[in-house]
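# Breakdown of the fold
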Amino acid sequence: MSTTTAISPTPKTWLITGCSSGFGSALALAALTSGDKVICTARNTQALSHLTTLGAIPLSLDLTSPPTIIQATITSAITDHGPIDYLVNNAGVVTIGTVESYTINELQEHFTINVFSHITIAQAILPHMRSRRSGVIANIGSIAGWGGGPSLGAYCASKHALAAFSLSLQQEVASFGITVTCVELGYFRTGILEDGKAFEAKKTIPEYEDLMRVARGALKGISMKQPGDPKKGAELVFEMLSGRGRGVGRVLPGRWVVGRDAVSFVKAALKRGEDMVEGWREVVSNTDCDDVDPSKDMIM
């Protein structure tokens with residue numbers, strides 16, 4: 001059941017990337033409805049008119065730009081509009097192709113958009129959050145980061161990487177009063193899987209064509225039939241990040257799954273992992289040096 005977005009007694013400032021449509025647009029709308037200030041980004045700011053008419057501040061941002069350009073853009077936004085309270089790295093792409101078919105350039109562009117740009121933007125904002133001893137950084141991940149799939153190696157790997165960076169950053173900045181989480185979404189009914197939205201490796205390998213045909217068909221079959229409602233999901237994410245409504249008194253984990261299907265998916269992934277570890281325990285455990293006390297594990 002959808003809830004009414006909680007109104008903020010003191011308006012906060014959000015920077016949300018990838019707001020032209022989908023989850024980013026829905027989250028920006030939830031923040032605007034609350035009375036907060038929203039800086040929303042897209043390559044082409046004309047695609048943000050549905051948000052700017054409601055008071056959002058448009059910011060042109062190409063995530064494939066050099067890091068110096070991205071950081072200068074973010075720094076200018078802070079200078080012009082004041083401190084950022086909530087950073088939501090939402091922009092991302094889906095790329096399909098087999099591991100053998102990707103060129104390094106294709107993989108680098110995919111990771112630049114889905115991982116490196118998120119880190120670059122966080123690096124630009126973190127000094128300001130540290131100086132104020134407050135702030136929230138949310139990287140929008142995916143349940144794809146809990147597994148792997150044929151033809152989705154690049155996407156799954158990028159979401160794995162984003163989760164790991166988020167977990168590490170969470171521990172690095174907690175003492176500065178900064179919250180970091182990777183919001184791992186299930187399948188939400190956005191247009192990200194529509195024809196033309198998913199990029200495909202240019203190289204074709206005949207032996208994999210049957211697999212690729214299945215992958216294309218699967219994405220097309222899922223598109224706009226996903227179970228998750230972006231509006232409901234965005235309202236929940238807004239409340240949890242801002243500590244309002246259902247987020248009052250809750251502490252976000254470093255990896256936070258969102259969606260009924262996401263809960264089932266991650267539970268199954270954890271069960272497979274536990275079964276694997278237990279199934280191999282006796283085989284792999286006799287590898288310590290002779291002077292090691294097995295009762296004292298070194299766990300990070």
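Located above this text is the structure these notes cover.
Computed from a predicted structure; not experimentally measured. (Residues numbered from 1 in each chain as written. Predicted model: local features only at pLDDT ≥ 70, side-chain atom pairs only at ≥ 80, totals over all residues. Heavy atoms only, no water.)

## Things to note about the sheet that holds strand β9 (residues 255-258)
Under the convention used in this document: A pair of strands is considered paired only if DSSP assigns at least 2 bridges between the two. Secondary structure is summarised from DSSP: a helix means a run of H or I of at least four residues, a strand means a run of E of at least two, and numbering begins at the N terminus for each. As a rule, the C-alpha atoms of each element are fitted with a line to give its axis, helices using only the stretch in contact, and angles between N-to-C directions run from 0 to 180 degrees. The criterion used for residue contact is that any of the two residues' heavy atoms lie within 4.5 Å.
In spatial order, the strands read β3-β2-β1-β4-β6-β7-β9; together these 7 strands make up an open sheet with parallel pairing. Either end of the sheet is taken by a strand with one partner, and the two such strands are β3 (57-60) and β9. Within this sheet the neighbouring strands show an average axis-to-axis angle of 20°, counted without direction. Relative to β9, strand β7 (residues 178-185) runs parallel, the two sharing 4 bridges. Bridge pairing in β9 places E184 opposite V257. Here helix α7 (residues 230-242) sits on the sheet and contacts β1 (13-16), β4 (86-89), β6 (135-142), β7 and β9; the angle it forms with β9, its principal contact strand, is near 150°.

## Some thoughts on helix α1 (residues 22-33)
Note the following rule: Helix span is expected to be 1.5 Å times the residue number reduced by one. Throughout, exposure labels follow a simple rule: accessible area from a 1.4 Å probe, protein chains only, divided by the maximum for the residue type, with under 20% read as buried, over 50% as exposed, and the rest as partly exposed.
Counted at 1.5 Å a residue, the expected span for α1 with its 12 residues is 16 Å, and the 17 Å between its end C-alpha atoms agrees. Within α1, 9 of the 12 residues are buried, leaving the element largely enclosed by the surrounding structure. Along its buried surface, α1 packs onto β1, β2 (37-42), α2 (49-52), β4, β7 and α7. Immediately downstream of α1, the backbone of G35 shows phi near 95°, a positive value.

## Observations regarding the pattern of salt bridges
To be explicit about the condition: We define a salt bridge as a contact between a side-chain nitrogen of Lys or Arg and a carboxyl oxygen of Asp or Glu at a distance within 4 Å.
Evaluation of the coordinates by the stated rule reveals 11 salt bridges. Across the salt bridge formed by R244 and D36, the nearest N and O atoms sit 2.7 Å from each other. Taken together, the positions of R244 in the loop between α7 and β9 and D36 in the loop between α1 and β2 put the pair 208 residues apart, joining distant regions of the chain. Accessibility classification places R244 together with D36 in one group, the buried group.

## Here we look at the packing of α1 against α7
How we decide: If an angle is under 35 degrees, it is roughly parallel; if it is over 145, roughly antiparallel; if it lies from 65 to 115, roughly perpendicular; otherwise it is oblique. By convention, the crossing between two helices is left-handed when the near helix turns anticlockwise from the far helix through less than a right angle, and right-handed when the turn is clockwise.
Remark: α1 packs on α7, axes separated minimally by 8 Å, with the N-to-C direction vectors making an angle of 55°. Between α1 and α7, the interaxial angle falls into the category oblique. Considering only the axes of α1 and α7, their crossing is right-handed. For the pair α1 and α7, the contacting residues are F23, A26, L27, A30 and A31 in the first and P230, K231, G233, A234, E235, V237 and F238 in the second.

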